[in-house]
Amino acid sequence: MLFVAMRKICQVRKICILTVVLALVSVATIITLWTIALTGGDDGDDVTAPWESYRLSTDLVPDYYNITLWPRLSPQPNTGLYIFTGQSTVEFECVRETDLILIHSNKLNYTTLDNTHIVRLSAPDGESAPNIKSTWLQLKTQYLVIQLYGKLTQGQRYLLYTEFTGELADDLAGFYRSEYEEDGVRKIVATSQMHPTHARKTFPCFDEPAIKAVFYMTLIHPPGTVALSNGIETDTVNTTIDGVAVIQTKFEPTKKMSTYLLAIVISDYTHISAQGDTLIRIWARRAAIDQGQGDYALNVTGPILNFFQLYYNISYPLSKSDQIALPDFYFGAMENWGLVTYRETNLLYDPVTSSNGNKETTATIIAHELAHMWFGNLVTLQWWNEVWLNEGFATYVSYLGANYAEPDWNVKDLIVLDDIHRVFAVDALTSSHPLSSKEDSIILPDRITEQFDTISYSKGAAVLRMLSDFLSEPVFVQGLNSYLNHFAYSNTVGNDLWHHLQMAVKANNVSLPRPVFEIMNRWVLQMGFPVVTIDTPTGRVTQRHFLLDPDSNVTVESPYNYEWLIPIRWMKDGEVQRAMWWLMEWEAVNLEMRSGDLWVLANINVTGYYRVNYDLGNWERLLAQLNSQHQVIPVINRAQLVDDAFNLARAQLVSTSLALRTTSYLSLETEYMPWQSTLDNLHYYYLMLDRTEVYQPMQDYIKKLVTPLFLHFKNMTSDWVRVPDRHTDQYNQVNAIRMACRAGVTECQNLTITWFKQWMDRPQHNLIEPNLRSAVYCSAIAAGGEAEWEFGWSQFKNATLASEASKLMSALACTTKVQLLERYLSYTLNSNLIRKQDASTVITAVASNRVGQSLAWDFVREQWEYMFTQYGVSSFNFASLISGVTARFSTPAELQQLGEFVELHEAAGFGTATLAVEQALERTRANIKWLQQNKQEIWDWFNSQTGH
C-alpha cells in the first residue's frame, strides 16, 4: 500500500524516485535495527535470534557445576505446593568471543541478586568479567538469556552464580516428588529423572549430551532421611538453616559426564550392600528390604558388573554402584552414572511371590542399565538422532550379561521373540523410520523423547547382534574396546564405532564383501528390512523391501533404494552349511541352494534382520519335516517359520492357509519358543476376529492344539504341584494354562477358579504358584463376578510387592462385566487409586479385553484433553495408549472414528504420540483390507480342522 499512495502524490518523476529510494532505505534501516536488536549485532547471516534456536552454540564450554539443592518434603503452608530451593555455580570457558550467555532453564524462578540481576557473573583469580546488560527467561526454547555490555574473552574462564526455586511436583520429570504409604504413614521421596532434557528443570545448565562437565553436589535434607547422588557421600553434617534442623550431605565429584546422567534421591530408604572392587548397594523401601526383595538384585549385580568389565576390557570407572527402586518412575529404569533408578517392579524380586518372568526382567534390566555405564555414560553419543546405538547396544548386550549371571536360562535366544519378532511388526509399516536421523531433524524436546521407541531399542539390538555374528564376537568386542578407550569421557557419532570395528576387521584379516560402514549404513540409514526369497528349483535368491501391506505407498526416500547387503547362514536337510553367503544385490544365484528333494532353511537362529520366503515346494518339504520329526529344525527356526509364514501371508506373499498349517504340528511341540511365536501371531487373529463369527471355530482349533500341551505340563508337574526345572518350560507352562482356560478346556477353568477361591477364603495364604499367578488371576476374574473383582482390587491396593500389584492390575482388566471395566477406567483419572505411571497400562489392558475394547476407546476420546493436559508427557505413555486402544480397529466405522479423533485434536498436536497416531491410521487401513481378503479363507480352514 505504501508504494501505491506514493505514486498518486508524485507529479515530478525525479522527486518520485527520490522519495521511493528514501522510503526503501528507511524500511531497510528499520529491518537492520530490528535484526541487530534481536541478534545482538551478530556478524552471521542468520536473522533468527540465538535464543530462538533450540540448539546451543559452542561458544561456551562448562568445566564444572557446584550445586546445592534443598527439597522440602512437606507442602508450603501458604500455597500447598512442594518446592525445592537451590544455588548453582557453573565454571565455563569462553571458546569464542561473545556478549551473550545462553543456558538452559525450565520452570525455575530466580532470586534477584544484589538488587540488580538474577545471575552474578565473575571470573576466577581476580580477573574482570563484563557487566550484565539484561537477563530474561525464553520460555519456548527453555533458556535463561544473559546479555552483556562487553564480550567474554576467548580462552578465559568465568563463573555464573544463581539462586532459584522450583516445584517438587509429581510429574516424574527433573527433580520430582514420589509418594508411597508404609505402615499407614504417607512417605515422600524426592527423586530425579534428568534424561533426556529435564536437568534444566532442576538447575540452570548446558543441557545437551555433548556438553560434559564435572558435578559437585550438596544436598540438604531432613533428619531421618538419607541423600544419594552419583558419587559416594563424602561428608554428612547436622546443621541448622533458617531455624530448621537439617542434614547437609556432600558427595565426591562426578566423572566428566552429560547433564542427563545426574541423579539425586532423598528418602528414608534403607539398603543392603556388598563390597568387592566396587561397593554395590541396593536401596528400597524399608519393608521391601526387610522382606528380602533386594537380595536377588544384589546377587546378580556383582556378576553382571564383572561380566561387562571383562567384555569391554575396561574397569568399572566409579567407586560405587547404587541401584534404587522407586514407587513412581516413568521409564523402566535409568542409567544415571553410579545411581541407577528403577521402577520397583524391575528391581525388586520376592522368591516367595515373584515369577521367573519377574526374575528374568530384573536380571536383563540390571544388565541393560549396567551396560550403559560404559556404552552411553563413559562414551556418549553427540546427539539424540543416534539414540538407537546407545539403547540398541544396551538391549543386545543385556542378554549377554543376564546369560552370564544365569547361564541355565538360555536367555540369549529369547532376543528373537522379545525384540526381533516384536520390532519386525513395526518396521514393516511405511510409517516406520530409519535407525539414524539427520541431527537437525531431532531438535524439539518432544521429538527427542519420540526417539526412544521399539525401533531404537529392538531393531538397534537386532542389527548389532547381526553385526557381531558376521564379524564374530571376538572381533566385535575388540573393536568395541578400541572405541571405548579412544573416546572415554567424550562424545561420538555412529561412524566412529564403524571405524573402530573396521580396524578390528583389518587386524584379524576378517573377510567381508564391503567395509563395515558400507554394510551397516544400509541397515541404519533406511527404514524397514528385506524379505529374502529362495527358489530351490533354480537356486535364484532375491530380496525386496518387506511391507505388511503390499499396496502401501512408501514415501520415505532411501539413499540405497531399499537394497541391503545381506549375510545369510543356511542349512540343507538338517545340515548347516559352513560358509556364510552374502546377497549383494536385488538378485543372485546360489547353485548350492538348488536342493532337489531336500529342504533348505535360511537365516539360522535368526541372526540376520530379515524374513525368508521359499518356493511352494520347499515350504511343503519344511512342513513335512515339522510334522514328522520337528526337532531336526533348530528350535529358534521353528519359531521363525511360524512368524515368517504368518507375516508373509499378511503381505500376500504366501496363502493364509499355508501360514495356519505351520501351527498344525504344535500338538507334538512342547518347546516355549515355537509356541510363543504362534501365540504372538494368533494374537493378531484374535484381535481381528474375536468379534466375528470366526471366533468360535478358532477357539475350537486352539483347544484341540493346546490340550496335549496342558496335559504334558499336568504330567510334568505331578498334577500341578511341582515347578518345571527349565526356565523356558516354566514360561510354556503359563502359556498352556492361559490358552487352555481361554479356549474353554473345562479342566483348566475349574483348576483356576478353585485356586482363586481358596485364596479368597484365606486371603493371607496365597498358595497359587508365582509363575502361574498372572494366568490364574485373569482366568478366575474373567469367569467370576463382582466378588472376585473386588477381592482382586483389595489385594492390588494392599500388595507390598510391585510385581504382584502389576499382575493384579492386569488381571482386573480381564473381567467380562461392563460396569466393572467402566469403573476401572474411571480409576485411572485418580492418581490415589491408579498411579499416573500406570494409567496408560490399565487403559490398554482394558482395551485388550474383547468386551473392553469399545469402552476404552470411548473413554480415551472423552478424557483425551484432560489426560493430555493434566498428565503431561513425562508421566504418561501416550504412544502406547494410542497403539493399545486402536489395536483391534478393523472396520471402516473405526477408521472414520479414528480420523475424526485425529482431526479434532490436530491443532493441539499429539506430542510424543504423533508417530503412534500415524501408525494407528496405517494399521487400521491394513487391518480392514486384511479382513476383507482373508476372513472367509480362515473360516474355512478352521472349520476343516475341527470337523465343523
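All residue numbers refer to position in the chain's written sequence, counted from 1. It should be noted that, the model being predicted, local features are given only for residues of pLDDT at least 70 and side-chain atom pairs only at 80 or more, the latter also being counted only at that level, while totals for whole chains, interfaces and linings use all residues. Values shown for side chains rest on all heavy atoms present in the structure; no hydrogens or waters enter the calculation.

1. Digging into the sheet that holds strand E3 (residues 98-104)
Hydrogen bonds between backbone groups are what pair the strands of a sheet, and the pairing can be parallel or antiparallel. Inclusion rule: Whether two strands pair comes down to DSSP finding at least two bridges between them. What counts as a helix is a DSSP run of H or I of at least four residues, what counts as a strand is a run of E of at least two, and both are numbered from the N terminus. Comment: axis = line fitted to C-alpha atoms, over the contacting stretch for helices; angle = value between 0 and 180 degrees taken between N-to-C directions.
Spatially, E3-E7-E6 is the arrangement adopted by the 3 strands of the open sheet, whose pairing is antiparallel. Looking along the sheet, the strands with just one partner apiece sit at the ends: E3 and strand E6 (132-138). For this sheet the average axis-to-axis angle between neighbouring strands, irrespective of direction, equals 20°. Relative to strand E7 (residues 143-152), E3 runs antiparallel, the two being bridged by 6 bridges.

2. Details of helix H7 (residues 387-405)
To keep things clear, this is the line we draw: Helix span, as expected, comes to 1.5 Å for every residue beyond the first. Throughout, bend refers to the angle between the axes fitted to the seven residues that end at a position and the seven residues that start at it. Throughout, exposure labels follow a simple rule: accessible area from a 1.4 Å probe, protein chains only, divided by the maximum for the residue type, with under 20% read as buried, over 50% as exposed, and the rest as partly exposed.
Helix length check: H7, at 19 residues, gives a terminal C-alpha distance of 27 Å against a target of 27 Å (1.5 Å per residue), a fit within 8%. Val397 marks the point of greatest bend in H7, at about 25°. H7 sits mainly inside the fold: 18 of its 19 residues count as buried.

3. A look at the nonpolar core
Quick note on the threshold: Here, nonpolar core means buried Ala, Val, Leu, Ile, Met, Phe, Trp, Tyr and Cys residues that are tied together by side-chain atoms lying within 4.5 Å of each other. By definition, residues are in contact when any of their heavy atoms lie within 4.5 Å.
Phe308, Tyr311, Tyr312, Trp498, Tyr685 and Tyr824 are the most contacted members of the largest nonpolar core, which has 306 residues in total. Once residues lying within four places of it in the same chain are set aside, the contact partners of Tyr824 are Trp789, Trp793, Met809, Leu812, Ala813, Ile834, Val842 and Val846.

4. What about the pairing of E6?
Direction of pairing for E6 relative to E7: antiparallel, over a ladder of 6 bridges. Bridged to Ser134 within E7 is Gln147. Connecting E6 to the next strand, E7, in antiparallel fashion are 4 residues, including Gln142 with a positive phi near 60°.

5. Describing the state of the cysteines
Quick reminder of the rule: When the sulfur atoms of two cysteines come within 2.5 Å, that pair is taken as a disulfide.
Applying the stated criterion to the full structure yields 2 disulfides. A sulfur-sulfur separation of 2.1 Å characterises the disulfide bridge that pairs Cys778 with Cys814. When the S-S torsion is -105°, as for the bridge of Cys778 with Cys814, the disulfide is left-handed. Residue Cys778 is located in helix H21 (residues 773-783), and its partner Cys814 is located in the loop between helix H23 (802-811) and helix H24 (818-827); the two are separated by 36 residues in the primary sequence. The class of Cys814 is buried, set by a relative accessible area of 17%. Sequence-ordered numbering of the bonded cysteines in the protein chain yields a pairing of 1-2, 3-4. In this structure Cys94 is not part of a disulfide, and its nearest cysteine sulfur, from Cys205, lies 19 Å away. What makes Cys205 buried here is its relative accessible area of 0%.

6. Concerning the packing of helix H22 (residues 786-798) against H23
For clarity, the cut-off: Working rule for angles: under 35 degrees goes down as roughly parallel, over 145 as roughly antiparallel, 65 to 115 as roughly perpendicular, anything else as oblique. Left-handed describes a crossing whose near helix is turned anticlockwise from the far helix through less than a right angle; right-handed describes the clockwise counterpart. For this scheme, ten residues count as nonpolar: Ala, Val, Leu, Ile, Met, Phe, Trp, Tyr, Cys and Pro. Four count as charged, namely Asp, Glu, Lys and Arg, and the remainder, Gly too, count as polar.
Two elements in contact, H22 and H23, have axes separated by 9 Å at closest approach and are oriented at 150°. Considering the angle they form, H22 stands roughly antiparallel to H23. In this structure, H22 meets H23 at a crossing whose hand is left-handed. Where H22 abuts H23, its residues Gly792, Gln795 and Phe796 lie against Ala805, Leu808 and Met809. A per-class count over the contact of H22 with H23 returns 4 nonpolar, 2 polar and no charged.

7. Let's talk about the sheet that holds strand E29 (residues 587-589)
Read from one edge of the open sheet, 4 strands run E29-E24-E23-E31, paired in mixed fashion. Each of the sheet's edge strands pairs with one partner strand only, and the pair in question is E29 and strand E31 (611-614). Going from strand to strand, the sheet's axes swing by 20° on average, the running direction of each strand aside. The pairing of strand E24 (residues 540-545) with E29 spans 3 bridges and is classified as antiparallel. Residue pairing in the sheet places Thr542 in a bridge with Glu587 of E29. Strands strand E23 (530-535) and E31 of the sheet are contacted by helix H15 (residues 635-650), whose axis makes an angle of about 75° with E31.

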